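# Results of the structural survey
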Amino acid sequence: MNFSLALSGGGARGFAHFGVLMELSQAGFAPSAIAGTSMGAIVGAFYATGQDPDYMVKLLATMDLSSFFGVPGSYRAVVEEVVAKSLVEMVRRRPWWELNTARTSRFLAFLRLFTKGKKFEELGTPLTVVACDVASGEEVRISEGPVYLGVGASAALPGLLGPVRWQGRLLIDGGVVNNLPIDAVANNADFVVAVDVSDPVSSEPSSLLDFFLHIHDITSRALYAVQLERMRERLGERLILIRPELDGIGILDFWKLPVAVEAGRAATRPIILELRNRR
């Protein structure tokens, strides 16, 4: 029996993926392949490059990630920051992503360190990460070249980080096009364990900016629902879906790492018996 693991994007909510991997490992299960989007790509890459999930959680818990990357308290604050700066930079005719060059460089250096400078081709566990071509809107699946660049592209949340150049393309967060990449690992496994940590639709908008963010949330969730239903029809019982309880954890709430990890562990425990029965 072999299974693949699909890990969704969701910002800090994606720390739950560490908890999923911990429980699987403790029960003696290891995925034959991993596909990830955004934070799912980050956690999947740490695992595929040989980083121990327990060690990574302990290490990240000692870091003030928000301060380290210069991250505002909410995604709404990120958008407000970009809008304000863009009005000034528009006069200078500079690309919007130049606003966050330092933050993006720091992020890529962080990923390069913790993926050990490896290439996808060198990984013991095959890894595919999903990004989006900012020019064409196409989904781009990356499984070759430097891991940190592919993962950095997959996690380049618009406004927070600039796009990443990869093979002549400018790539941004893969959650725009495929937030739970089940289809990227569905072909060569007996079944797929998919972990959904995506953020629910935000509350009723109270301002014009909130309104536009709300519309984006609705559109994203509608696309996700269609993609998930298609995979349910295709895989049937070959798909196991895990949805950790992550209420109260926003995409930039990095300080809630322990809560998210425990939610991932708790959501995984009930499926361990099912996995054993499939052996």
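Here goes a summary of the coordinates provided. This structure is a prediction, so every number in the text was calculated from the model and none was measured. Position labels on residues start from 1 in each chain and follow its written sequence. Given that this is a predicted model, residues contribute local features only at a pLDDT of at least 70 and side-chain atom pairs are listed and counted only at 80 or more, while totals for whole chains, interfaces and linings are drawn from all residues. Calculated side-chain values reflect all of the structure's heavy atoms, with hydrogen atoms and water omitted.

The next thing to look at is the nonpolar core. The set of buried Ala, Val, Leu, Ile, Met, Phe, Trp, Tyr and Cys residues whose side-chain atoms join them within 4.5 Å is what this entry labels a nonpolar core. The buried label applies to any residue whose accessible area, calculated with a 1.4 Å probe on protein chains only, is under 20% of its type's maximum; exposed applies above 50%, and partly exposed to all values in between. Of all hydrophobic cores here, the largest spans 70 residues; its most connected members are Phe15, Phe18, Leu127, Ile142, Val193 and Leu275. If we skip the residues at most four places from it in the chain, Phe15 touches Met39, Leu60, Leu65, Phe254, Leu257, Ala260 and Val261. Two residues form a contact once any of their heavy atoms are found within 4.5 Å.

Now for the environment of Val129. Relative to the helices and strands, Val129 resides in strand 3 (residues 127-133). For Val129, a relative accessible area of 0% translates into the label buried. Those residues in contact with Val129 that lie beyond four places of it in its chain are Gly36, Ala41, Phe120, Val140, Arg141, Ile142, Gly150, Val151 and Ser154. The helix and strand labels rest on DSSP assignments: H or I over at least four residues marks a helix, E over at least two residues marks a strand, and numbering proceeds from the N terminus.

In an α-helix, one full turn covers 3.6 residues, which means residues spaced three or four apart are oriented alike. Along helix 1 (residues 16-26), nine of the 11 residues are buried, which leaves the element largely enclosed by surrounding structure. Within helix 1, the full set of buried residues consists of Ala16, His17, Phe18, Gly19, Val20, Leu21, Met22, Glu23 and Leu24. Each element contacted by the buried residues of helix 1 is listed here: strand 1 (3-7), helix 2 (39-48), helix 3 (53-61), strand 7 (191-195), strand 8 (239-242) and helix 9 (257-277). Gly28 sits one or two positions beyond helix 1 and adopts a positive phi of about 90 degrees.

A few words on the side chain of Ser4. Mapping Ser4 onto the fold places it in strand 1. Judged by relative accessible area, which is 1%, Ser4 ranks as buried. Here a polar contact is recorded for every N or O atom pair within 3.5 Å, except that within protein the pair must consist of a potential hydrogen donor and a potential acceptor, and residues adjacent in sequence are included only if both atoms are side-chain atoms. A distance of 3.2 Å separates a polar atom in the side chain of Ser4 from the backbone oxygen of Val185. When neighbours within four sequence positions are excluded, Ser4 is seen to be in contact with Ser32, Ala33, Val185, Ala189, Phe191, Val192 and Val193.

Here we come to the packing of aromatic side chains. For Phe, Tyr and Trp, rings pair up if their centres lie within 6.5 Å, where Trp contributes its six-membered ring, and each pair is then called stacked (planes under 30 degrees apart), edge-to-face (over 60) or tilted (otherwise). Applying the stated criterion across every chain yields a total of seven aromatic pairs. Aromatic side chains Phe3 and Phe191 sit 5.7 Å apart centroid to centroid with 15 degrees between the ring planes, which places their arrangement in the stacked category. Taken as a pair, Phe3 in strand 1 and Phe191 in strand 7 lie far apart in primary sequence, 188 residues in all. No difference in accessibility class separates Phe3 from Phe191, as the two residues are buried.

On to helix 7 (residues 147-154), then. Taken across its eight residues, helix 7 has eight buried, putting it largely inside the fold. Listed in full, the buried residues belonging to helix 7 are Val147, Tyr148, Leu149, Gly150, Val151, Gly152, Ala153 and Ser154.

Time to look at the side chain of Ser8. Looking at the element boundaries, Ser8 is found in the loop between strand 1 and helix 1. With relative accessibility at 0%, the residue Ser8 sits in the buried group. Within the local environment of Ser8, its side chain forms a polar contact with the backbone nitrogen of Val197, the two atoms lying 2.8 Å apart.

With that out of the way, let us pick up the packing of helix 1 against helix 2. All axes here are fitted lines through C-alpha atoms, helices being fitted over the stretch that makes contact, and every angle between N-to-C directions spans 0 to 180 degrees. Contact geometry for helix 1 and helix 2: axes closest at 9 Å, N-to-C directions at 40 degrees. Crossing of helix 1 against helix 2: the hand is right-handed. The residues of helix 2 that touch helix 1, namely those facing His17, Phe18 and Leu21, are Met39, Gly40, Val43, Phe46 and Tyr47. Side-chain classes follow a simple rule in which Ala, Val, Leu, Ile, Met, Phe, Trp, Tyr, Cys and Pro form the nonpolar group, Asp, Glu, Lys and Arg form the charged group, and the remainder, Gly included, forms the polar group. Here the residues of the contact of helix 1 with helix 2 are counted per class, giving six nonpolar, two polar and no charged. If you view the pair so one helix is near and one far, a crossing is left-handed when the near helix is turned anticlockwise from the far one by less than a right angle, and right-handed when it is turned clockwise.

By definition, a salt bridge exists where a carboxyl oxygen of Asp or Glu is found within 4 Å of a side-chain nitrogen of Lys or Arg. This structure, assessed with the given rule, holds 10 salt bridges. A salt bridge links Arg169 to Glu138, with the nearest nitrogen and oxygen atoms 2.9 Å apart. Of the two residues, Arg169 is situated in strand 6 (residues 169-173) and Glu138 in the loop between strand 3 and strand 4 (139-142); the sequence distance between them amounts to 31 residues. Its relative accessible area of 27% is what places Arg169 among the partly exposed residues. The closest approach of N and O atoms between Asp253 and Lys256, which form a salt bridge, is 3.6 Å. Asp253 sits in the buried class, given a relative accessible area of 11%. A single network of salt bridges, built from pairs that share partners, joins Glu23, Glu262, Arg265 and Arg269.

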